[in-house]
Amino acid sequence: MNEIRIRFSRGEEVKYISHLDLMRTFERALRRAGLPVYYSQGFNPHPHLVFGLPLPVGVTSDAEYADIGFEQEIEPEVVKKMLNLSLPKGLKIIEACQKKENSNIMALVAGASYNIDIFFSQACAFDNIKDYIHSKLNEFLELNEIYAQKNIRGDIKIINIKPLIINIELSKVEQNAKKSYRNIY
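No experiment lies behind these values; they were computed from the predicted model shown. Within each chain, residue numbers correspond to sequence positions counted from 1 in written order. At least 70 in pLDDT is required for a residue's local features to be given in this predicted model, at least 80 for side-chain atom pairs to be given and counted, and no such filter applies to totals for whole chains, interfaces and linings, which use all residues. As a rule here, side-chain values cover all heavy atoms of the structure and leave hydrogens and water aside.

Student: Help me get a handle on the nonpolar core, residues and values and all.
Tutor: Formed by 23 residues in total, the largest nonpolar core has its most connected members in Ile6, Phe8, Phe26, Leu35, Phe70, Val79 and Leu83. Working definition: helices are DSSP H or I runs of at least four residues, strands are E runs of at least two. Numbering for both runs from the N terminus. Where this core is concerned, the elements lending two or more residues are strand 1 (2-10), helix 1 (19-33), strand 2 (49-51), strand 3 (60-70), helix 2 (76-86) and strand 4 (91-98). Element by element, the count of residues in this core is highest for helix 1, at five residues. Every residue pair with non-hydrogen atoms within 4.5 Å of one another is taken to be in contact. Excluding residues that lie within four positions of it along the chain, Leu35 makes contacts with Leu30, Phe70, Ile74, Val79, Met82 and Leu83. By convention a nonpolar core is built from buried Ala, Val, Leu, Ile, Met, Phe, Trp, Tyr and Cys residues, the set being connected through side-chain atoms within 4.5 Å. Here the term buried applies to any residue with accessible area under 20% of the maximum for its type, exposed to any over 50%, and partly exposed to those in between, with areas from a 1.4 Å probe on protein chains only.

Student: Tell me about the pairing of strand 1, residues and numbers included.
Tutor: By the criterion of burial, strand 1 is predominantly enclosed, with nine of the nine residues buried. The two faces of strand 1 match: Asn2, Ile4, Ile6, Phe8 and Arg10 on one face and Glu3, Arg5, Arg7 and Ser9 on the other face are all buried. Both strand 1 and strand 4 contribute to a ladder of seven bridges, which runs antiparallel. Note that in strand 4 the partner of Phe8 across the bridge is Ile93. Paired strands, in this sense, are two strands between which DSSP finds at least two bridges.

Student: Give a description of the side chain of Glu3 that names residues and reports values.
Tutor: The topology assignment puts Glu3 in strand 1. A distance of 2.9 Å separates the side chain of Glu3 from the side chain of His48, its partner in a polar contact. Leaving out residues up to four positions away in the same chain, Glu3 has contacts with His48, Asp67, Ile68, Gly69, Cys97, Gln98 and Lys99. Throughout this description, a polar contact denotes any pair of N or O atoms lying within 3.5 Å of each other; where both atoms belong to protein, one of them has to be capable of donating a hydrogen while the other can accept it, and for residues adjacent in sequence the pair is counted only when both atoms sit in side chains.

Printed below as a string of structure tokens:
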């Protein structure tokens, strides 16, 4: 099996589809593109398609990753071109390359960077509350523990997310910027 790693963007047009719907969209695009995808064996074969971290619903991204298995050697640029012709508006393959390592794509993710943009109706509104927001962010970061609920296979667990937060920054963004996105590194 030949594996190609793709980096793709998920835009405003598809930010409200779930991870499962995204997987189905890629399966259909692969079929439409006529690419020689490798399928699992057995009663109900599935394409060899492994995605990185699931993106929350309502968030756009410039750096989503997936590994696709093919039955034969195929050039990454061909995969990129054919998939871009078959994917709906809002999904675009940015890069494609030959997968070199054996490790799972999920194991390679070291972290994610989120940008959350808040838009104000008046240009001066941000300047008026910037110091207040900055002080609240600092208070938040100084907490010893920050708890959040996590759904693990249908079981709700309470976990401390404080060690997972590396940095929070506050900055002014131009009016026509994207609302939210994630980059994985």
